[in-house]
Amino acid sequence: AQTVTQSQPEMSVQEAETVTLSCTYDTSENNYYLFWYKQPPSRQMILVIRQEAYKQQNATENRFSVNFQKAAKSFSLKISDSQLGDTAMYFCAFRGTYKYIFGTGTRLKVLA
Amino acid sequence: DTGVSQDPRHKITKRGQNVTFRCDPISEHNRLYWYRQTLGQGPEFLTYFQNEAQLEKSRLLSDRFSAERPKGSFSTLEIQRTEQGDSAMYLCASSLSGRNSNQPQHFGDGTRLSIL
């Protein structure tokens, strides 16, 4: 069975600092996709960044980047220059054939 | 792009009643997913459609739950004889298909169900 584990239930970071959220997963598939989604309080879940497992290069989207370690089945999210608007729940998600498996989330609070 | 639309946003009902939720996906998306999310947890997969075909149902989806997508466009999720444990946010998401597609899911705002 595929699983996604986020071991940090809550984290905080000072505005303008850098924070890394961790995610590990388990799968026997070789082709899959990994995603980080952000869910602000009482708001819609939106995509932050995605990574194809067959790509060795780590994905980057502006202040957001990932550290994808396929052999270790690790997929961490780094947020640089944290902003107050980054305060949200962050979910790591795995997609094999079509089904998405989500982690339990990390609640990130950016402090002014 | 009007996004994924869900109706209603909130539903309060008494235990034992039936409820039905609707999801309108992004128009060109042929995949549609239903999830349940409880407070402080990630979305749990319930079921998935490709066009009008329901291709997988989670074991979480008891026989009180049924979902349809009759014309491959909007979908409905019905819960019969609701129980306290059904209280949750029900999320709908849609995406484009393709085995090797990295197209992400787009989520709706969800329907929050409260069972009294």
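See the structure printed just above.
Draft legend 1. Summary view of the sheet that holds strand β8 (residues 75-79) of chain B. Residues and elements named next belong to chain B. Ordered in space as β1-β3-β8-β7, the four strands form an open sheet in which the pairing is antiparallel. A single partner strand is all that each edge strand has here, and the edge strands are β1 (5-7) and β7 (65-68). Strand-to-strand twist across the sheet, computed as the mean angle between neighbouring axes with direction ignored, equals 15°. Judged from the three bridges that link them, β1 and strand β3 (residues 19-24) form a sheet pairing that is antiparallel. Following the sheet pairing, glutamine 6 is matched in β3 by cysteine 23.

Draft legend 2. Molecular detail of the environment of lysine 73 of chain A. Residues and elements named next belong to chain A. Here lysine 73 lies in the loop between β8 (64-69) and β9 (74-79). When the C-alpha atoms of lysine 73 and threonine 24 are compared, they prove to be 5.7 Å apart, with 49 residues separating the residues in sequence. Among the polar contacts listed, one links the side chain of lysine 73 to the side chain of aspartate 26, at a separation of 3.5 Å.

Draft legend 3. A look at the interface of chain B and chain A. Between chain B and chain A, the residue contacts involve 25 residues of the former and 22 residues of the latter. Both sides of the chain B and chain A interface together cover about 2000 Å² of buried area, and 47% of this is carbon and sulfur. Seen at the junction of chain B and chain A, the total is zero salt bridges. There are four residue pairs in polar contact (both at pLDDT 80 or more) connecting chain B and chain A. Of all the secondary-structure elements, those providing two or more residues to the side of chain B that touches chain A are β4 (31-37), β5 (44-50) and β6 (53-57) of chain B. Looking at the side of chain B that touches chain A, the element that brings in the most residues is β4 of chain B, giving four residues. In terms of residue class, the side of chain B that touches chain A is made up of 10 nonpolar, 11 polar and four charged.

Draft legend 4. Summary view of the state of the cysteines. Summed over all chains, the structure comprises two disulfides over all chains. The residue that forms a disulfide with cysteine 23 of chain A is cysteine 92 of chain A, at a sulfur-sulfur distance of 2.0 Å. Since a negative S-S torsion denotes a left-handed disulfide, the cysteine 23 of chain A-cysteine 92 of chain A link at about -70° is left-handed. Of this pair, cysteine 23 of chain A sits in the loop between β3 (19-21) and β4 (24-26) while cysteine 92 of chain A sits in strand β10 (residues 88-95), placing them 69 residues apart in sequence. The exposure class of cysteine 23 of chain A is buried, given its relative accessible area of 1%. Accessibility expressed as a relative area gives 1% for cysteine 92 of chain A, which makes it buried. Here cysteine 23 of chain B pairs with cysteine 92 of chain B through a disulfide, and the sulfurs are 1.9 Å apart. Residues cysteine 23 of chain B and cysteine 92 of chain B are joined through a disulfide that is left-handed, its torsion about the S-S bond being -70°. Of this pair, cysteine 23 of chain B sits in strand β3 while cysteine 92 of chain B sits in strand β9 (residues 88-95), and the two are 69 residues apart along the sequence. Residue cysteine 23 of chain B shares its accessibility class with cysteine 92 of chain B, and that shared class is buried.

Calculation criteria
- Along each chain, residues carry numbers from 1 onward, in the same order as the chain's sequence is written.
- In the order they appear in the text, chains get letters beginning with A and ligands get numbers beginning with 1.
- Only residues with pLDDT of 70 or above have their local features reported here, since the model is predicted, and side-chain atom pairs are shown and tallied only from 80 upward, although totals for entire chains, interfaces and linings are computed over all residues.
- To obtain the side-chain values, all non-hydrogen atoms of the structure were used and water was disregarded.
- The pairing criterion for strands is at least two bridges between them, as found by DSSP.
- Runs of H or I in DSSP of at least four residues are treated as helices and runs of E of at least two as strands, each being numbered from the N terminus.
- Axis geometry follows a simple rule: fit a line to the C-alpha atoms, using only the stretch in contact for helices, then measure angles between N-to-C directions, giving values from 0 to 180 degrees.
- Two N or O atoms form a polar contact when they lie within 3.5 Å of each other; inside protein one atom must be a possible hydrogen donor and the other a possible acceptor, and for residues adjacent in sequence the pair counts only when both atoms belong to side chains.
- Residue contacts are counted whenever heavy atoms from the two residues lie within 4.5 Å of one another.
- Two parts lose some accessible area (1.4 Å probe) when they are put together, and adding that loss for both gives the buried area.
- Take a side-chain nitrogen of Lys or Arg and a carboxyl oxygen of Asp or Glu: if they are within 4 Å of each other, that pair is a salt bridge.
- Polar here means any residue outside two lists: the nonpolar Ala, Val, Leu, Ile, Met, Phe, Trp, Tyr, Cys and Pro, and the charged Asp, Glu, Lys and Arg; Gly therefore counts as polar.
- Only a pair of cysteine sulfur atoms within 2.5 Å counts as a disulfide in this structure description.
- Relative accessibility under 20% of the residue-type maximum defines a buried residue, over 50% an exposed one, and the middle range a partly exposed one, all with a 1.4 Å probe and only protein chains included.

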